[in-house]
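Observations on chain architecture
Listed below, chain by chain, are the residues.
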Amino acid sequence: MTGTGKPWRLVLGSASPARLATLRSAGLDPEVIVSGVDEDQVQAERVPDLVAELARLKATAVADRIRAEGRSGPTIVLGGDSLLELDGQPYGKPADHAEAVDRWHRMRGREGVLHTGHQVMIIDGDEVRERNRTASTRVRFADLSDAEIEAYVATGEPLQVAGAFTIDGLGGPFVTSIDGDHHTVVGISLPLLRELLAELGIAWPELW
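All residue numbers refer to positions counted from 1 along the written sequence of the respective chain. Confidence filtering applies because this is a predicted model: local features only for residues at pLDDT of at least 70, side-chain atom pairs given and counted only at 80 or more, and all residues used for totals across whole chains, interfaces and linings. Calculated side-chain values reflect all of the structure's heavy atoms, with hydrogen atoms and water omitted.

Take the nonpolar core next. Grouped together as the largest cluster of nonpolar side chains are 22 residues, with contacts concentrated most on L23, I76, L78, V120, L193 and L197. Taken together, the elements giving at least two residues each to this core come down to β1 (9-12), α1 (17-25), β3 (75-86), β5 (111-124) and α6 (190-199). With five residues, the top contributor of residues to this core is α6. Once residues lying within four places of it in the same chain are set aside, the contact partners of I76 are W8, R9, L10, V11, V120, M121, I122, L197, I202 and L207. Listed in part, the 20 residues of the second largest apolar core include L86, A100, W104 and I149. Buried Ala, Val, Leu, Ile, Met, Phe, Trp, Tyr and Cys residues form a nonpolar core when they are joined through side-chain atoms within 4.5 Å. Remark: exposure states derive from per-residue accessible area (1.4 Å probe, protein chains only) relative to the maximum for the residue type, with buried under 20%, exposed over 50%, and partly exposed in between. To qualify as a helix, a DSSP run of H or I must reach at least 4 residues; to qualify as a strand, a run of E must reach at least 2; elements of each kind are numbered from the N terminus. Throughout, a residue-residue contact means that at least one pair of heavy atoms, one from each residue, lies within 4.5 Å.

Moving on to the pattern of salt bridges. Whenever a carboxyl oxygen of Asp or Glu lies within 4 Å of a side-chain nitrogen of Lys or Arg, that contact is scored as a salt bridge. What the rule picks out here adds up to 16 salt bridges. The salt bridge partner of K58 is D81, with a shortest N-O separation of 2.8 Å. With a gap of 23 residues between them, K58 in helix α2 (residues 47-69) and D81 in strand β3 connect regions that are remote in the sequence. Under the relative-accessibility criterion, K58 is labelled buried at 7%. Classification of D81 as buried rests on a relative accessible area of 3%. Here E111 and R138 are joined by a salt bridge, their closest N and O atoms 3.1 Å apart. On the criterion of sequence distance, the pair formed by E111 in strand β5 and R138 in strand β6 (residues 127-141) is long-range, its members being 27 residues apart. Exposure remark for R138: the relative accessible area of 36% places this residue in the partly exposed category. Look at the salt bridges and you will find they share partners, linking R131, R133, E195 and E199 into a network.

Note: most residues except glycine have negative phi, and most peptide bonds are trans. Unusually for a residue other than glycine, D87 sits at a positive phi of about 55 degrees. Locating D87 in the fold gives a position in the loop between β3 and β4 (89-91). At A164, a residue that is not glycine, the phi angle is positive and equals roughly 70 degrees. Along the chain, the position of A164 falls in the loop between α4 (146-154) and β7 (175-179).

This paragraph deals with α4. Where α4 is concerned, the buried positions are I149, Y152 and V153. Each buried residue of α4 sits inside an arc of 95 degrees when the element is viewed along its axis, so together they form one side. What points out from α4, more than 90 degrees from its buried face, is the exposed set A147 and A154. Those residues of α4 that are buried lie in contact with α3 (97-107). G156, located one to two residues past α4, shows a positive phi value of around 90 degrees. Taking the helix axis as origin, the arc is that swept by the directions to the C-beta atoms.

So, about the pairing of β6. With 14 bridges connecting them, β5 and β6 associate as antiparallel partners. When the sheet's bridge partners are listed, I123 is paired in β6 with V128. At least two bridges found by DSSP between two strands are what make those strands a pair. Hairpin connection of β5 to β6: two residues between the antiparallel strands, including G125 at a positive phi of 70 degrees.

Time to look at the packing of aromatic side chains. Given two aromatic rings, their pairing is described by the distance between the two centres and the angle made by the two planes. The aromatic pairing rule takes the rings of Phe, Tyr and Trp, using the six-membered ring of Trp, and pairs them if the centres are within 6.5 Å, calling planes under 30 degrees apart stacked, those over 60 edge-to-face and the rest tilted. Under the definition given, this model contains five aromatic pairs. Between W104 and Y152 the ring centres are 5.9 Å apart and the planes differ by 80 degrees, which places this aromatic pair in the edge-to-face class. Of this pair, W104 sits in helix α3 while Y152 is found in helix α4, placing the two residues 48 residues apart along the sequence. With relative accessibility at 4%, the residue Y152 sits in the buried group. Consider the rings of W104 and F174, whose centres lie 6.1 Å apart with planes at 75 degrees: the pair is edge-to-face.

Glancing now at the environment of E199. Tracing the sequence through the fold places E199 in helix α6. The exposure class of E199 is partly exposed, given its relative accessible area of 37%. Separated by 68 residues in the primary sequence, E199 and R131 place their C-alpha atoms 8.1 Å from one another. Residue contacts for E199: discarding those within four places in its chain leaves R131 and R133.

Below, the structure written as structure tokens:
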């Protein structure tokens, strides 16, 4: 509830099961509306800027759809996007098995940075307020054998996630350490999201 007693409609503009599960584990239960943004058409010089722009576009597309519906009531729209930065290049979901294997051959025994862009939009009548920020977490990968890489990619999991790995799934044993918020690696930083909501006048417990 808001301070004025109005209920919030919480919308996640992402198809990511990991983002949804992370929010639910923290006591939030958002409605999911997939943005339909063509991510391949978006470019930026820096990877943190790219994920921030993708998050903004996703949330904006969903917010526009909600406003076109004409449904009343204050609404919070969350947009997010994640990419792994390795050697200065952005890596999202691998296109196929071969690309995932090649990716892991480059990643193993090395360190990359997982960037997650966050866009929060508050729609309340004709008023729209928003915040955009990127969270970044350094990730160190185990030195996997060729057989481990083949077995992991064969599960199909690396093909479904940015960077071709998870920290909360089958890929967990292959991440030796992180420097930063582990939620960022999963797909949405809860501490950062709390800060952005607070800047927009919403206390986290209001959404429980």
